[in-house]
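In case you want the letters, here they are:
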Amino acid sequence: MVDQPPPQTFTGNRGLVIEEPLIFEQDMAGRTGVDLPEPAKGKDRLGGLRRKTAIGLPGLAEPQVVRHYTRLSQKNYAIDMGIYPLGSCTMKHNPRLNEKMARLPGLGDLHPLQPISTVQGALELIDRLAHWLKTLTGMPAVAMSPGAGAHGELCGVMAIRAALDHRGEKRHRILVPESAHGTNPATAAACGFEVEPIPADHRGRVDFAAMQAKLGPDVAGIMITNPNTCGLFENDFARIAEAVHKAGGFVYGDGANFNAIVGRVRPGDLGVDCMHINLHKTFSTPHGGGGPGSGPVVLSAALAPFAPIPYVVHGAEGFRLVEHDDGGASFGRLKGFHGQMGMFIRALAYMLSHGADGLRQASGDAVLNANYLMASLADEITPAFDGPCMHEALFDDRFLKDTGVTTLDFAKAMIDEGFHPMTMYFPLVVHGALLMEPTETESKDSLDQFIGALRDLARRAKSGEAAAFHEAPRLAPRRRLDETTAARRPVLRWHPNNAQGRAAE
Amino acid sequence: MSGLKYTKEHEWISVEGGVGTVGITPFAQEQLGDVVFVELPEVGRKAEQGKEIAVVESVKAASEIYAPVSGEVVEVNKGLPDTPATVNSDPLGNGWFFKIRLADAGQLAKLMDEATYKSFCEGLH
Amino acid sequence: MRYLPLTEVERRAMLARIGAPSIESLYRDVPEFARLPEPVDLPPHQGELGVEREIGALAAKNMGSAAVPSFLGAGAYRHHVPAAVDHLIQRGEFLTSYTPYQPEITQGTLQYLFEFQTQICLITGMEVANASMYDGATATAEAVMMANRVTRRKRAVLSGNLHPHYREVTATHARFLDFHLELGAPDPAGAEDLISRINADTSCVVVQNPDFFGNLRDWRALGEACHKAGALLVVVVTEPVSLGLVEPPGAMGADIVTAEGQPIGNALSFGGPYVGLFATREKYVRQMPGRLVGETSDADGKRGWVLTLSTREQHIRREKATSNICTNSGLCALAFTIHLTLLGEAGFTRLAELNHRAAVGLAERLDAIPGCRIVNASFFNEFTVALPKPAADVVEAMARRRILAGVPVSRLHPDRPELANHLLVAVTECASEADQDALVAGLKETVHG
C-alpha cells in the first residue's frame, strides 16, 4: 500500500483543521468587538501624562474573534478529547460542575478587600476546604495562599528555614533525591540552601544508606516525593523521616503524586513536616493550558507557627482573615491577596462530589489503571523496575535498543495515533524514560485502545520501521518544529514591519 | 594541535607560550545537542581552576564551563555568540571559547591527556 | 460514582491480567501501620444537586460586588467582561489542555500566548514579554531578583507608594535570598524623592504607576538617574486599563514592567486566580523568569510556535534556574488576551477614557462633601479621599447600607495612624449613575452621622 501525500488545497486548510493567522494580521483600524458609549468631553486629571502615540492593538469584531479562538482551540489536544498520560501530572477529568460553582454570584464576584462582614461565606469555604485537606493528610495546619505547586514548595521550604532561624541554627544543606522534579532543587536554591543529591537504589527508591551518610548538623532536611517520580511507594519513608528528625532536620513532602494514596494513606502518619498539594492534580482543578494552579501546604505543629499570611481563623464572632503578622512568627506574605479562591471552590466541589468513599475509590482505581497498563505492556515495552507500581508506570528505552528509534520518536508516533505522549526523559535516573499516568477517570475501553496502539508501535519500532518514526508526526496540525532556530534567533513577538513576524536581520 | 589536555567536565585546553586556549570537547557538544547560546567571560576576569567561567546552552540543556586552570582571561572568541553552531561543527578549532594566561603551569599535570580522556568517556554510560 | 468509569466486572478482569488478588494488594509497599482500614472521617459522596446546595449556601452568605454599588480597587478592579470571553475559555480544548510541551498538538495554546506576549509589549511599550506569571505581586518580586542578577547588586529601593502586598512578597524573598530592600514611607500626595536614594549598590528602583493612592507620575527623570548609576527602573502597573490612556512605562525608561492582568478578562474571584504580566528589554531576555513562546517553522516549512529559551527554567537548570516557577497562569492569560482582542485599539482607548471621565466626575462630587477632600492632583480611575473620621468605620457603615464604598487604606497600612481616615475609591465603567448617586448620598450621611 503506497502512502499518498494528502491533497493540496487553495486555503491551506485540511478539512476541519483551519489555518488561522495572527490577530495582528486581521487588523482593521477603528474596528472593535465591544460597544462602549461615547465618553463625555471634559478636562482630564492625568497630570500631563495622556498617551501621545497609538498602541498598535488590532481591531476585530466579535464574529472574527470567536472564530479565531475557536480555530485555535481545534489545534489543541485536551483531556476532554482523549487520554493524557503525562506522569505526575494527574490529567484526570475536569468536572463541569466545578466551573459552574466557581462562577456563582456571591463567589466569583467577590472583591478580596471587601469588609470581612460581607464575605463570611467565602472564608467559611476556605476553612471547609482546609478541613478536608488536613483530614486527608492527617496534619494539624494548612497554608492556603501558595498559587501553584512550585509556589507551595517555596512555602514549605521557607517555613523550614524560618523554623531553623527561630531555633538559631544555621543548617545550609538540603537533601534532594536525584529522581526529584526540577522544581525541588530550584526551590531549595531559591531559599538559600545548597542542594545535596541522593542517589536511587536498584529498586528505584531513595538509597537509605546513602541518605543517612549525608545527615549531619548542617542538614536542614530532605525534600522527598512519595510515591516517588518512578511511580513507586517509598517503603522506607517512615524510617527516613525518623532519621532526618533525629538529626534535627525537617521532612518536606512533595505531594505531586498524592492521587495514588488519597483517602488510603495519610502523609502525616509517615512523618512529613510539610507537604504541598497540587489542587490541579489530585483535586481536578483544570490545567488550563498551563495554569492557574493552586498549591496549599499542610504543616506539622512544629512548622505551623511560621505559616505565611494571610490565613483564616474561626472565632466566636465568625471568620476572620489574619493579614498582618503583629509580632508573630510568620515568615511573611507569598502572594497578593488571599490565594486561588477560584481553584478552592472547584476543589471543594470535587471533594464534596466524591466524598471520603469516592476519594478512596479514585486512588484505588488510579493505581489499578496504572498497574493494568504496566502488566499489559511489560512484554513489549521494558518496565524500569519490578512492580507493582502506584498510580504511574515507568518504562525505559531498553526495548528500543538498536532500533534507531528513540523515546522521542516513539512519542511523536503516538501523536499520529491520536494520543498525547506520556512524559519523556523524566525522571533522570532512568534512561530514555517513558512515564505514564492514566488516572482513575480512564475507562477500561480507553486503556485497551491505548495499550493496543502502544504494543503495535513497539512491534513496528523493533521490526525496522525507524524511518516512519523519524517522520512522525505526519497527521497533527504541525509536523516537528525547529526548536534550535527558535532558541538561536528568538522571535518572541509579532513585529508590524514584517509580515512573517521576524524582525529584519 | 599538540598536547591537548582534558578535564572531567569535558573542557579541553591547548597551551602555547603560557597562554591556554579553552573549549569543550566533541563528546560534550554531542551530549548537549544543537548549541543555541554561549556566554563568555569578560577579558581581564580572574579564573580559578575548577570554578565556573562560562555558560553553554543547547535546546534541552544548559551547562557551566569550568576553568581548567587558574589565571587571567586575555581573549575571548568574539564571533562565537553570534554563531553558536560552531561549537557543534568545530569544537576543537573555531569553536574555542576563551584564552587564559596561566597562573601556574603545574596545574596542567592534574588534567587528563588524550588517551586517558578517551577511556574516561568510554567509562561513562 | 459519576466520575469513575470502572465497573466491578472490569476491575476483576484487570486484576486478573495484573495477577493481583485485590486493589489493596497493590499497596503492599505501604507499611501496615500507615494503611487506613476505611474511608477517612469526612462526608460521603453527593450528587450535583447536593453539592450545589452546599456551595450555594456558602455563596448566599456573601455580598457579591456585582449586586451592589461597588467602588473597590487597591489592586483588583471590576470591569465588564464580554460574554464571549467566558464561553471561549471554557472550550474543553483550552480548559482541559496542558502546558504546550508537545507543540505539534498544542499550537492553539502557543499561538494565543504569542499574541498575548505581543499585546503586553504593545500596551507597556516594552520589547519582550513572557507568557505570564502567578500575579502582579510575585511578578514584582521576580523582577527585583532579576534586577539583582543583571546588575550583580543586592540593594533594591522600593517606593513607599507601592502596593503593600507587592512590597511584602518582595520582602519575603529578600529575607531568604539575602538581598536588601530600602523601603519608602507611604505618601498619599505622591511626592516622594527616590532619586536621592540611588547609590552604587542599587540594583533597581521600584515604582508603581498609577501608585497605590492613585497618583500618576512621570518617571523619566528617575529612569535616567537609575541608568546613570547602573541600576534598573522597575515600573509596576496594578490597573492595566490605565495603559489605554496613560503614557506607558516603556516611554519613561522602564527596564522591567510588571503588572496585574486581572482587570482585563478575569473575575475578581476573592483575590485569585490572577495573572502576572512581565516585560523587559530584549537584551535581558535570558534573565527573565517564566515561560516564553517563540516563532519558528515545522518540517514542512509552515509557521508555528514553540516554548523556547527553556534552559532558564527549573526542569533543565534545576538549582541554577532563574526561578523555581513551573507554571504560568494560562487560562487567565487567555481570558486577558481574548478580552483585549475584542476591545482592540478603539475599544481599549475608549474604555480607559470612560473610566477616567467617571473618576473625574465622582472625585469632584466627593470633594464637595463637607469634611471630605480628594488628596490626589492626578489619577486614572482610583483616588484617595481624606474623610473626617476613620475610613474603616465609614466602610462598615456603608456596607450595612449595601454599598461597597471603597478600601480603607488602614486595611493595608495598619501601622500608619496618620492614614486611618484615608479611603481608596475606584470607579469603573461598571458603576452606573445611580450607583454613584448612592455612594455620594450614603457618604454624606455616614461621615456626619
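Residues numbered from 1 in each chain as written. Chains lettered and ligands numbered in written order. Predicted model: local features only at pLDDT ≥ 70, side-chain atom pairs only at ≥ 80, totals over all residues.

**Q** Sorry if this is basic, but what is going on with the overall build of chain C here?
**A** If you tally the helices and strands in chain C, you get 13 helices and 13 strands. By the burial criterion, 62% of the 449 residues in chain C qualify as buried. The contacts of chain C with a sequence gap of at least 6 include a subset with a gap of at least 24, amounting to 72%. (Helix = DSSP H or I, 4+ residues; strand = E, 2+ residues; numbered from the N terminus. Buried ≥ 20, exposed ≤ 12 C-beta atoms within 10 Å, placed from the backbone. Contact = placed C-beta atoms within 7 Å.)

**Q** Whenever I open this one, helix H8 (residues 220–228) of chain C confuses me. Can you help?
**A** Residues lying three or four places apart along an α-helix face the same way, a consequence of the helix completing one turn every 3.6 residues. All names here are of chain C. Where H8 is concerned, the buried positions are Leu-222, Gly-223, Ala-225 and Cys-226. Along H8, the residues classed as buried sweep out an arc of 165° about the axis, all on the same side. Positive backbone phi, approximately 75°, marks Gly-230, located one or two places after H8. (Arc of directions from axis to C-beta.)

**Q** How should I be thinking about the nonpolar core in this particular structure?
**A** Where a protein is soluble and globular, its nonpolar side chains tend to be buried together. Within the largest apolar cluster, 332 residues are counted, with the highest numbers of intra-cluster contacts made by A:Ala159, A:Leu299, C:Val205 and C:Val234. Once residues lying within four places of it in the same chain are set aside, the contact partners of C:Val234 are C:Ala143, C:Val144, C:Ala147, C:Cys204, C:Val205, C:Val206, C:Asp255, C:Ile256 and C:Thr258. (Core = buried A, V, L, I, M, F, W, Y, C linked by C-beta atoms within 7 Å.)

**Q** When you look at unusual backbone geometry in this model, what are you seeing that I'm missing?
**A** Of note, the bond from A:Phe426 into A:Pro427 is cis; its omega dihedral lies within 30 degrees of zero at 0°. Positionally, A:Pro427 belongs in the loop between strand S11 (423–424) and strand S12 (434–436). The linkage connecting A:Ala472 with the following residue, A:Pro473, adopts the cis geometry, with an omega of 0°. Its place among the elements puts A:Pro473 in the loop between helix H12 (466–471) and helix H13 (483–488). With a phi close to 55°, C:Arg152 is a non-glycine residue in the positive phi region. Relative to the assigned elements, C:Arg152 resides in the loop between helix H6 (136–151) and strand S2 (155–158). We classify C:Arg152 as exposed; it has 8 C-beta atoms within 10 Å. Even without being a glycine, C:Asp178 presents a positive backbone phi close to 60°.

**Q** Sorry, what's going on with the domain arrangement of chain A here?
**A** Often, the extent of an interface is quoted as the loss of accessible area on bringing the components together. All names here are of chain A. Split into domains, chain A comes out as domain 1 (97–351) and domain 2 (360–472). Placing the centre of domain 1 and that of domain 2 at their C-alpha centroids yields a distance of 30 Å. Across the contact, 18 residues belong to domain 1 and 19 residues belong to domain 2. Each residue belonging to the side of domain 1 that touches domain 2 can be placed in one class, and the counts come to eight nonpolar, seven polar and three charged. (Domains from an automatic or database assignment. Nonpolar A, V, L, I, M, F, W, Y, C, P; charged D, E, K, R; others polar.)

**Q** Honestly, helix H7 (residues 164–177) of chain C in this entry has me stumped. Any pointers?
**A** All names here are of chain C. For H7, which comprises 14 residues, the first-to-last C-alpha distance of 20 Å matches the rise-based estimate of 20 Å (1.5 Å per residue) to within 8%. Among the 14 residues that make up H7, ten are buried, leaving the element largely enclosed by the rest of the structure. Within H7, the full set of buried residues consists of Pro-164, His-165, Tyr-166, Arg-167, Glu-168, Val-169, Thr-170, Thr-172, His-173 and Ala-174. Check the buried side of H7 and you find it contacts H6, S2, strand S3 (180–183), strand S5 (232–237) and helix H12 (409–412). Asp-178 occupies a position one or two residues after H7 and carries a positive phi of about 60°. (Expected span 1.5 Å × (residues − 1).)

**Q** What's the story with the domain arrangement of chain C in this structure? I'm lost.
**A** Residues and elements named next belong to chain C. The domain architecture assigned to chain C consists of domain 1 (83–337) and domain 2 (339–448). In this structure, domain 1 and domain 2 have C-alpha centres spaced 27 Å apart. In this complex, domain 1 contributes 24 residues to the contact, which on the side of domain 2 involves 25 residues. Of all the secondary structure elements, the ones that give two or more residues to the side of domain 1 that touches domain 2 are helix H3 (83–89) and helix H10 (330–367). If one sorts the elements of the side of domain 1 that touches domain 2 by residue count, H10 sits on top with three residues. The residue inventory of the side of domain 1 that touches domain 2, partitioned by class, reads 15 nonpolar, eight polar and one charged.

**Q** Help me understand the packing of helix H9 (residues 341–377) of chain A against helix H2 (residues 48–60) of chain C in this model?
**A** Helix packing for two helices is described by the angle between their axes and how far apart those axes are. Two elements in contact, H9(A) and H2(C), have axes whose closest approach is 9 Å; the angle formed by their N-to-C orientations is 140°. In terms of orientation, H9(A) lies oblique with respect to H2(C). Note on packing geometry: the crossing formed by H9(A) with H2(C) is right-handed. Within the contact between the two elements, H9(A) uses A:Ile345, A:Leu348, A:Ala349, A:Leu352 and A:Ser353 and H2(C) uses C:Val51, C:Glu54 and C:Ile55. (Axes fitted to C-alpha atoms, helices over the stretch in contact; angles between N-to-C directions. Parallel < 35°, antiparallel > 145°, perpendicular 65-115°, else oblique. Left-handed = near helix turned anticlockwise from the far one by under 90°.)

**Q** I tried to follow the interface of chain C and chain A on my own but got confused; where do I start?
**A** Taken together, the contact between chain C and chain A spans 167 residues of the former and 172 residues of the latter. Residues of the side of chain C that touches chain A, tallied by class, amount to 88 nonpolar, 46 polar and 33 charged.

**Q** Mind showing me how you'd approach the sheet that holds strand S10 (residues 373–374) of chain C here?
**A** Read from one edge to the other, the open sheet built from four strands follows the order S10-S11-S13-S12 (chain C), with strand pairing classed as antiparallel. On the outer flanks of this sheet lie S10 and strand S12 (407–408) of chain C, each paired with one strand and no other. (Pairing = 2+ DSSP bridges.)

**Q** I would appreciate a short explanation of the packing of helix H3 (residues 120–137) of chain A against H2(C) in the present structure.
**A** Between H3(A) and H2(C), the least distance of the axes is 6 Å, while the angle of their chain directions is 135°. Relative to H2(C), H3(A) is oriented oblique. Here H3(A) contributes A:Gly121, A:Glu124 and A:Leu125 to the contact with H2(C), which in turn contributes C:Leu58, C:Ala59 and C:Ala60. Each residue belonging to the contact of H3(A) with H2(C) can be placed in one class, and the counts come to four nonpolar, one polar and one charged.

**Q** I would appreciate a short explanation of the environment of C:Gly75 in the present structure.
**A** By the secondary structure assignment, C:Gly75 is in the loop between H2 and H3. With 302 residues separating them along the chain, C:Gly75 and C:Ala377 place their C-alpha atoms 20 Å apart. With residues near it in sequence (within four places) discarded, C:Gly75 still touches A:Gly336, C:His163, C:His165, C:Thr238 and C:Glu260.

**Q** Please explain the environment of C:Glu142 as it appears in this structure.
**A** Residues and elements named next belong to chain C. For Glu-142, the position within the fold is in helix H6. Looking at Glu-142, the number of C-beta atoms within 10 Å reads 26, which means it is buried. Here the alpha-carbon distance between Glu-142 and Ala-267, two residues 125 residues apart in the chain, equals 24 Å.

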